Amino acid sequence: MSSAISDPSPFIVDQNTRASLDPGLADPSDQQDADRGFIAALEPGIVHDADGKVVWDNDSYGFLAGSCPSSVHPSLWRQSGLNIRQGLYEVTPGIYQVRGLDLSQMTIVEGDTGVIVIDPLVSAETAAAGLALYRQHRGDKPVTGLIFTHSHVDHFGGALGVIGVDEVAERKVPVIAPSGFLEHAVAENVYAGTAMARRAAYMYGAVLPRGPKGQVGSGLGQTASIGTVTLIDPNLDVTHTGQEETVDGVRIIFQITPGTEAPSEMNFYFPDHRALCMAENATHTLHNLLTLRGALVRDPHVWSQYLTESINMFGRDSDVVFASHHWPTWGTDRLVEYMSIQRDLYAYLHDQTLRRLNQGYVGSEIAEMIELPPAVAGNYSTHGYYGSVSHNVKAIYQRYMGWYDGNPAHLWEHPPVEQAVRMVDFMGGPEAVVAKAEAAYDQNDYRWVAQVLNYVIFADPSNEAAKALQASTFEQLGFGSENATWRNVYLMAAYELRNGNVGTPTATSSPTMLAALSVEQVFDALSLRLDGVKAWNEKAISDWHFTDLERTHRLELRNGVLIHYDLPEGGGLPDPEVTFTLTRATLIGVLLAGQDIQEALKSGALQVEGDAQSFLKLTALFDEPDPNFAIVTP
């Protein structure tokens, strides 16, 4: 099959031309806000790691300075052009942001003796470059506080790029995060991390060439850096709304917002600066209620309620609101309206989806029915550059009703391959389906073409004609999408159909993230790798004594399940077959991080009492996750 990307069809060219006539595209307000407070850019806008590998290249998006081509939706072109603004910016005296050096923005607040860093990007390398840019223009000030707004990697991954663990301990630097942060941060990246990372490669267009026919951004930012992901354990939890802390002379009032954009998240207010940080709860896009990479479904109802609380607690006493993506909004009236529109957006999607599902409509139907109110739809901060009305409505339906739509015909359908074989046969065979799909393609019915060709490809993955037409179909859907993540997903699918499976370009978890796992999480992660069928008839009992934690954890294998719990006092349990004595770090090393067990035994890091061999032979019952599983083919 040719690897050449299709040209946009006349239908898509016409659609994007008509979209370019939207008068809102000419409104300069967002551009003025995105440029306000500019101090200096990183020149060149490229960050390398210690080995010289490029981990961030903002300059590769220079093409966005030109006119919008017919292969990109004009509104998405505008959003991406705003997102490539790069450099150090003053938000308000004493508060600065580093933008355009990663998917997220890093905020720096000046204190009495140093600086408080908020959300140090994805990678240590980009965070270090951002802090160096700040210091070049504002002075070489030490980091006297670190704040993680929530439990997603683009808000903590660069921690070790701004301060070391030893320095945190020696200088007693507060590392502040919302309650539950560490548990959610590591669980998301370990439990389902392999599948999420593989799908994230589609969502962010990881290997797509950057350009008018390729990756132009992701709506929330441009893309994620590919440097070293790190993590520092928080030492100060924010547990309740209204909690106030003073860090290096800076007063901060916190608002806990669990279940919004992340399961552990918080907003906070700087009363002496009249500045409000909204984390990722109010950004210049419709956000995801269920990301295309996969996650727990978020709650738009509670999200809207917390936005109301933010407005009432802090909004009317603020002169500027900023977040960890995009650009700030200045002026009390403007920012209150901006936050109110964001609030109305999530509340409307929630309420109208529930209204329709209670009338008997299913998620896919409701997604085609809902239109946003004119005042909401007309505000560019609500446009679906990252999330979309379509997939968010389906997420709300899923949150309340689950995958089953109530129609018994959908209760026990065949899985994809078996369904595809039967469907293609019913439609007259592969050649007939491809011929009909070509006709539908010429009629610009790309959604239908994608659906029917998917049957052919899953029934016969070697059908090159079907794959070539499907690749072109996905490209047209991508070229016409205002949503950056939809565009990336479609174009990545076309790329893999044309060039083969690229796998997962980024690691699912880093050493510092693994190091943060609790004993319970380690055994949970291990249990997810157990081949239940192979383990049906196996039984084993082992005790794990942790010298650094002064506790003993029991692991039982029975009925294809790993059960684990802290050994209770009082006895009465059967004796273990083997007891391991070790530290939590050694446990992580030998079970998850690839440390050689024999070396650990020789060094004494792992000590054994009992029949170790009978236990170690059980390792054959565990398999490894596959970071390269197929998506657009069986």
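Going by the structure above, here's the rest.
Counting from 1, residues in each chain are numbered in the order their sequence is written. In view of the model being predicted, local features appear only for residues whose pLDDT reaches at least 70, and side-chain atom pairs are presented and counted only at 80 or more, with totals across whole chains, interfaces and linings using the full set of residues. Hydrogens are left out, water is left out, and the side-chain values use all remaining heavy atoms of the structure.

Caption draft 1: Representation of the overall build of the protein in the model. Each helix is a run of H or I in the DSSP string that is no shorter than four residues. Each strand is a run of E no shorter than two, and both are numbered from the N terminus. Within the protein, the secondary structure is distributed over 22 helices and 21 strands. When we talk radius of gyration, it's over C-alpha atoms, and the globule rule is simply 2.2 Å times the number of residues to the 0.38. Taken over the C-alpha trace, the protein has a radius of gyration of 26 Å; the compact-globule value for 634 residues is 26 Å, and the two agree within 12%. Counting only C-alpha atoms, the protein reaches 75 × 70 × 55 Å along its principal axes. Per-residue accessibility, obtained with a 1.4 Å probe over protein chains only, is compared with the maximum for each type, and a residue is labelled buried under 20%, exposed over 50%, and partly exposed between these values. The buried share of the protein, taken over its 634 residues, is 53%. Residues count as neighbours in contact if any of their non-hydrogen atoms are within 4.5 Å of one another. Contacts spanning at least 24 positions in sequence make up 72% of the contacts within the protein whose residues lie at least 6 apart. In these tables, accessible area is a Shrake-Rupley quantity obtained with a 1.4 Å probe, and a residue counts as shielded only by the protein chains included in the view. Total accessible area computed for the protein in this model is approximately 26400 Å², and 52% of it derives from carbon and sulfur atoms.

Caption draft 2: Summary view of the environment of Ala195. Along the chain, Ala195 falls in helix H7 (residues 193-203). Distance in space between the C-alpha atoms of Ala195 and Tyr441 is 31 Å, their sequence separation being 246 residues. Excluding residues that lie within four positions of it along the chain, Ala195 makes contacts with Arg293 and Phe629.

Caption draft 3: The packing of helix H8 (residues 300-313) against helix H9 (residues 332-357), seen in detail. Close contact between H8 and H9 brings their axes to 8 Å; oriented N to C, the two are set at 160 degrees. It follows from the interaxial angle that H8 and H9 lie roughly antiparallel. Crossing geometry of H8 relative to H9 is assigned as left-handed. Taking contact as the criterion, the partners of Pro300, His301, Trp303, Ser304, Leu307, Thr308, Ser310 and Ile311 in H8 are, on H9, Val336, Met339, Ser340, Gln342, Arg343, Tyr346, Ala347 and His350. Tallied by class, residues from the contact of H8 with H9 come to 8 nonpolar, 7 polar and 1 charged. Fitting a line to C-alpha atoms yields each axis, with helices limited to the stretch in contact; the angle taken between N-to-C directions then spans 0 to 180 degrees. In what follows, roughly perpendicular refers to angles from 65 to 115 degrees, roughly parallel to angles under 35, roughly antiparallel to angles over 145, and oblique to any angle outside these ranges. Put simply, a crossing is left-handed when the front helix is turned counterclockwise from the back one by less than a right angle, and right-handed when it is turned clockwise. Amino acids are sorted into nonpolar (Ala, Val, Leu, Ile, Met, Phe, Trp, Tyr, Cys and Pro), charged (Asp, Glu, Lys and Arg) and polar (every other residue, Gly among them).

Caption draft 4: Representation of unusual backbone geometry in the model. The amide bond that connects Glu43 to the next residue, Pro44, takes the cis arrangement and shows omega of -10 degrees. Structurally, the position occupied by Pro44 is in the loop between strand E1 (38-40) and strand E2 (46-48). Of note, the phi angle at Leu121 is positive, near 60 degrees, even though the residue is not glycine. Note on placement: Leu121 falls in the loop between strand E7 (115-118) and helix H4 (124-138). According to the relative accessible area criterion, Leu121 is buried, its value standing at 0%. For His326, which is not a glycine, the phi torsion comes out positive at approximately 65 degrees. Secondary-structure assignment places His326 in the loop between strand E15 (320-322) and strand E16 (329-330).

Caption draft 5: Spotlight on the sheet that holds E15. Strand pairing is assigned whenever DSSP identifies at least 2 bridges connecting the two strands. As summarised here, the arrangement of the 6 strands in space is E11-E12-E13-E14-E15-E16, forming an open sheet in which the pairing is mixed. Edge positions in the sheet fall to strand E11 (244-247) and E16, since each has one partner strand and no second. Inspection of the sheet shows E11 paired to strand E12 (residues 250-256) by 4 bridges, in the antiparallel sense. When the sheet's bridge partners are listed, Glu245 is paired in E12 with Ile252.

Caption draft 6: Geometry of helix H14 (residues 430-442). Expected helix span is taken as 1.5 Å per residue step, with the number of steps being one fewer than the number of residues. For H14, built from 13 residues, the straight-helix expectation of 18 Å at 1.5 Å per residue is met to within 8% by its first-to-last C-alpha distance of 18 Å. Residues of H14 that are buried include every one of Val433, Val434, Ala437, Ala440 and Tyr441, and no others. The buried side chains of H14 occupy one side of the element, clustering within an arc of 120 degrees when seen end-on. Summarising the geometry of H14, the exposed residues directed more than 90 degrees from the buried face are Glu431, Lys436 and Asp442. Those residues of H14 that are buried lie in contact with helix H13 (416-426), helix H15 (446-459) and helix H16 (464-479). One or two positions beyond H14, positive phi appears at Asn444, with a value near 70 degrees. Note that the arc is computed from the directions linking the helix axis to the C-beta atoms.

Caption draft 7: Broad picture of the sheet that holds E7. In space, the 8 strands of this open sheet follow the order E1-E4-E5-E6-E7-E8-E9-E10, with mixed pairing throughout. Across the chains shown, the open sheet's two edge strands, defined by having one partner strand only, are E1 and strand E10 (236-238). Averaged over all adjacent pairs, the angle separating strand axes in this sheet is 25 degrees, with direction ignored. Sheet topology places E7 next to strand E8 (residues 143-147); 4 bridges connect them, and they run parallel. Residue Ile116 lies in a different strand from E8, and its bridge partner there is Gly145. Contacting E1, strand E4 (87-92), strand E5 (95-99), strand E6 (106-110), E7 and E8, H4 runs over the sheet at an angle of about 35 degrees to E6.

Caption draft 8: Molecular detail of the nonpolar core. Residues Met106, Leu146, Val162 and Trp544 are the most contacted members of the largest nonpolar core, which totals 66 residues. Not counting the four nearest positions on each side in its chain, Leu146 is found in contact with Ile116, Val117, Pro120, Ala159, Val162, Ile163, Pro174, Val175, Ile176 and Ile232. By size, the runner-up hydrophobic cluster in this structure holds 35 residues, among which are Leu286, Leu289, Leu349 and Leu357. As used here, the term nonpolar core means buried Ala, Val, Leu, Ile, Met, Phe, Trp, Tyr and Cys residues forming a set that is joined through side-chain atoms within 4.5 Å.

Caption draft 9: How the structure looks around the pattern of salt bridges. Salt bridges are defined as contacts in which a side-chain nitrogen from Lys or Arg sits within 4 Å of a carboxyl oxygen from Asp or Glu. This structure, assessed with the given rule, holds 23 salt bridges. The salt bridge partner of Arg251 is Glu244, with a shortest N-O separation of 3.0 Å. For Glu368, the salt bridge identified is with Arg447, shortest N-O distance 2.9 Å. Here Arg447 lies in helix H15 and Glu368 lies in helix H10 (residues 363-369), a separation of 79 residues in the sequence.

Caption draft 10: Highlighting the packing of aromatic side chains. In summary, the pairing rule links any two rings of Phe, Tyr or Trp, Trp by its six-membered ring, whose centres are within 6.5 Å, and it sorts them by plane angle into stacked for under 30 degrees, edge-to-face for over 60 and tilted for everything else. If you walk through the whole model with that rule in mind, you get 17 aromatic pairs. Measuring from ring centre to ring centre gives 6.3 Å for Tyr61 and Phe63, while their planes differ by 40 degrees; the resulting arrangement is tilted. For the pair Tyr269 and Phe314, a centre-to-centre distance of 5.1 Å together with 20 degrees between the ring planes defines the contact as stacked. Of this pair, Tyr269 sits in strand E13 (residues 266-270) while Phe314 sits in the loop between H8 and E15, placing them 45 residues apart in sequence. With a relative accessible area of 3%, Phe314 lands in the buried category. Three or more aromatic residues joined by ring pairs form one cluster here, namely Phe11, Tyr441 and Tyr446.

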